[in-house]
Amino acid sequence: MRVNILCDFRCYRLQDGSIWTTTPFRHGFWCRYLAEFSDVSVFARTSDVSNLPPAAGRVDGENVTVRPIPLYQTLSQYLRNRTQIRQCFSQVQNSREAVILRAPSHLANLGWRMAIPCHGVFGVEVVGDPYDVFSTGIGPWFMRRAIRHWFTRCQQKQCKEATGVAYVTQRYLQQRYPSSKNAFTTHYSSIELPADAIAERPKTFSEGVSKIVTVGSLDQLYKGTDVLIEAVALLIRSGMQISLSIVGDGRYRSELQSQAESAAIANFVHFVGEVSAGEAVRAQLDSANLFVLPSRTEGLPRAMIEALARGLPCVGTRVGGIPELIEDNALVASGNAKDLAERIRHFLTSPDDYNLSAKNSLSVAARYSSTEISQRRNNFYRSLREATDLANQSVLPQPQHEVD
C-alpha cells in the first residue's frame, strides 16, 4: 500500500525531473515509512531550477516519489496555483491509499479537507506547535493572530478526527492537541541517531576562548537567533572571550548580520550557512564548547538532540519539548537575552556543572538510538495501514452475481 505524506519543506526540481532539498528530509528520511508501506509519495512545494543550492541532497529514489506542489509563499501566489494544487490533492482523494499529515503544515491544512480518501482514514504526525510559531515577535505579519488561530484550530481538529496520532513529545503537544479517545496514539522523535552520530565520550571543560554554536533555519525568527546574538553581545561587553557560529540560512540572515554589526560584534559572529546533514553538522558541533537553542517555539528539536549526541552541554528555552531534553538549570524563558547570557556564562565558567551536563547529554541522546523509537513508529504506521485496509473493504462495491 502506498502512503501519501503532506508536509511543509521546500524542494528543487532539476530539468531531468529529479527532486532535491537542503533540509534533512532527503530520501533516507522517507525510507522509514517503507517498514509498513510499499511506496511513499511526498507532497511538497517545489520550484524548478537549473542549478542546485549548496548542500542539496536527493529526495526521490527507490520507492519514494515526490508529488510537486507549485511553490507559493504568499496568498496571491497560492490563489494563482489553487486549481493545480486541488488537482494534485484530488488524485489521493479518489484513491484507496493511506494518508499522513505532518503538522503543522499549510499543505496539511489544505489536504486535510481535499486529500483525505473517501474512506476517511488518516494519520497525523504532530511535529510542532503552530500556536507558538505564530506568537508575538515572530515575523512582521499584521495578520499573525488570525493565522495563529487558523493553524491552531486546524491542528486541533485534525488530531480529534484522525484515526491515529503520533507526537514528537512525551507530554507537551498531547496536552494542546489531544486525539480522540478511540485513536491510536504514540510518541516518537523524527530523529533516530545512527551509531556514528553519538560521541564516545562527553566534552570536558576547558579554559580560554569558548565557541558557542546554534543550528536552525533563518527563514523565520522562531529559533531565537536574534536573542542569542543580543546575549552574546552582552557577554562580550562584559569581557568574556567567546565566539558564535550560526549554522543555517534563510531570508533573515542579512537582518541578523546587520544586528551583529550594529552591536559591534560582527567579528565574533560567524554565519556558516547551510551545511550537509550528518558529518558536516557534527563537525560544527564538535568544534564548539556549548550548544544554545533559544527558540520561541519547538516540537522536539532535531538540532539539540544531535548536539546532545556529541556530548555537548546545551542551553535552551522552556518551550515545546526542550524541557524533556535538558536539565532545569539549563533552561531560560524565551525572548530574554539577559537571562540567556547568564546561563551561557554559568556553563562556560563552572567546570563541575559543565562536565555533569555534558555527561547527561550523552545519556539523553542514547534514548534516540534505541530500537524503541523505530518500534513505536512502526506500530503507528502498521495501525494506519490496517485501518486503511479495513476501511477499503467496507467501501468496496458488492460483487455482482450472474443470473442463470
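To be clear, the structure that these remarks concern was listed above.
Residues numbered from 1 in each chain as written. Predicted model: local features only at pLDDT ≥ 70, side-chain atom pairs only at ≥ 80, totals over all residues. Heavy atoms only, no water.

### Quick look at the overall build of the protein chain
Defined as follows: Secondary structure elements are taken from DSSP: a helix is a run of H or I of four residues or more, a strand is a run of E of two residues or more, and numbering for both begins at the N terminus. We compute the radius of gyration from the C-alpha atoms alone; for a globule the expected value is 2.2 Å times N to the 0.38, where N is the number of residues. Three exposure classes are used, based on accessible area relative to the maximum for each residue type with a 1.4 Å probe and protein chains only: buried under 20%, partly exposed in between, and exposed over 50%. Every accessible area reported is derived by Shrake-Rupley at a probe size of 1.4 Å, with residue values counting cover from the shown protein chains alone. Neither His nor the chain ends contribute to the count of charged residues, in which Lys and Arg are positive and Asp and Glu negative. All charge positions are set by atom: Lys at NZ, Arg at CZ, Asp at CG, Glu at CD.
Secondary structure assignment for the protein chain yields 13 helices and 16 strands. Whereas a compact globule of 404 residues would reach a radius of gyration of roughly 22 Å, the protein chain reaches 22 Å, a difference of no more than 12%. With the C-alpha coordinates aligned to their principal axes, the bounding extent of the protein chain is approximately 95 × 45 × 40 Å. The buried share among the 404 residues of the protein chain stands at 54%. For the protein chain, the accessible area works out to roughly 18,300 Å², and carbon and sulfur atoms hold 48% of it. Positive and negative side-chain charges in the protein chain, numbering 44 and 39 respectively, have mean positions lying 5 Å apart.

### Considerations on the layout of surface pockets
It is a probe the size of a water molecule, rolled over the atoms, that shows where empty space is left. Basically, it comes down to this: A 1.4 Å probe that fits into a set of points on a 1 Å grid over the protein atoms alone but cannot get out defines a cavity; an open set with protein on both sides within 12 Å along at least five of seven lines defines a pocket, and lining residues are those with an atom within 4 Å of a point. Grid points are joined across faces, edges and corners, and a volume is the space filled by probe spheres set on the points. Three residue categories are used. Nonpolar comprises Ala, Val, Leu, Ile, Met, Phe, Trp, Tyr, Cys and Pro, charged comprises Asp, Glu, Lys and Arg, and polar comprises the others, including Gly.
In this model, the second largest pocket occupies a volume close to 190 Å³. In terms of lining residues, the second largest pocket is bounded by 14 residues, among which Gln-170, His-187, Arg-367, Tyr-368 and Arg-376 are the most central. For the lining of the second largest pocket, the element with the most residues is helix α13 (residues 371–395), which contributes three residues. Considering only residue class, the lining of the second largest pocket consists of five nonpolar, five polar and four charged.

### Brief notes about the pattern of salt bridges
The criterion, for reference: Should a side-chain nitrogen of Lys or Arg be within 4 Å of a carboxyl oxygen of Asp or Glu, the pair is scored as a salt bridge.
Applying the stated criterion across every chain, the model contains 18 salt bridges. Among the ionic pairs, Arg-13 bridges to Asp-48, the shortest N-O distance being 2.7 Å. Separated by 35 residues along the polypeptide, Arg-13 in strand β2 (residues 11–13) and Asp-48 in strand β4 (residues 39–48) bring together distant segments of the chain. Across the salt bridge formed by Lys-223 and Glu-298, the nearest N and O atoms sit 2.6 Å from each other. Here Lys-223, found in the loop between β11 (210–215) and α7 (225–237), pairs with Glu-298, found in the loop between β14 (290–293) and α10 (302–309); they are 75 residues apart in sequence, far enough to count as distant. You can call Lys-223 buried: its relative accessible area is 13%. By relative accessible area, Glu-298 is classed as buried at 8%. By sharing partners, the salt bridges in this structure join Arg-2, Arg-67 and Glu-97 into a single network.

### Structural notes on the packing of aromatic side chains
Any aromatic ring pair is given by two values, namely how distant the centres are and how the planes are angled relative to each other. The criterion, for reference: Note on ring pairs: Phe, Tyr and Trp rings are taken, using the six-membered ring of Trp, and paired if centres are within 6.5 Å. Classes follow the plane angle, with under 30 degrees stacked, over 60 edge-to-face and the rest tilted. Criterion for a charge above a ring: Lys NZ or Arg CZ within 6 Å of the ring centre, and within 35 degrees of the ring normal.
Evaluation of the coordinates by the stated rule reveals 15 aromatic pairs. With a centroid separation of 5.2 Å and an interplanar angle of 90°, the aromatic rings of Trp-150 and Phe-151 are classed as edge-to-face. The exposure class assigned to Phe-151 is buried, which follows from its relative accessible area of 10%. Through pairs of rings, three or more aromatic residues link up here, namely Phe-9, Phe-25, Phe-29, Trp-30, Tyr-33, Phe-37, Phe-184, Tyr-188, Phe-380 and Tyr-381. In this arrangement the basic side chain of Arg-45 is found over the ring face of Tyr-72, its NZ or CZ atom lying 4.5 Å from the centre. Looking at Arg-113, its charged tip hangs above the ring of Trp-112, at a distance of 3.6 Å from the centre.

### Looking at the side chain of Asn-109
We apply this condition: A contact between two residues is defined here by any heavy atoms of the two lying within 4.5 Å.
Positionally, Asn-109 belongs in helix α3 (residues 106–114). For Asn-109, the residues in contact, after removing those within four places along its chain, are Trp-150, Phe-151, Cys-154 and Gln-158.

### Things to note about the sheet that holds strand β12 (residues 242–247)
Within a beta sheet, neighbouring strands are joined by backbone hydrogen bonds and run either parallel or antiparallel to one another. Just so we agree on the cut-off: For two strands to pair, DSSP has to find at least two bridges joining them.
The strand order β13-β12-β11-β14-β15-β16 describes an open sheet built from six strands, whose pairing is parallel. Here the strands that pair on one side only, and so sit at the sheet edges, are β13 (269–273) and β16 (331–332). Here β11 runs beside β12; their pairing, made up of six bridges, is parallel. Counterpart to Val-213 in the pairing with β12 is Ser-245.

### A closer look at the packing of α7 against helix α11 (residues 337–349)
Keep this limit in mind: Angles run from 0 to 180 degrees between N-to-C directions of axes, and those axes are lines fitted to C-alpha atoms, restricted for helices to the stretch in contact. Orientation categories follow fixed angle ranges, with anything under 35 degrees roughly parallel, anything over 145 roughly antiparallel, 65 to 115 roughly perpendicular, and all other angles oblique. By definition, turning the near helix anticlockwise from the far helix through less than a right angle yields a left-handed crossing, and turning it clockwise yields a right-handed one.
Their axes nearest at 8 Å, the elements α7 and α11 cross at an angle of 60°. One element, α7, and the other, α11, form an angle in the oblique class. The element α7 and its partner α11 pack so that their crossing is right-handed. Contacts from Val-227, Leu-228, Glu-230, Ala-231, Leu-234 and Leu-235 in α7 reach Ala-337, Lys-338, Leu-340, Ala-341, Ile-344 and Arg-345 in α11. The residue inventory of the contact of α7 with α11, partitioned by class, reads nine nonpolar, no polar and three charged.

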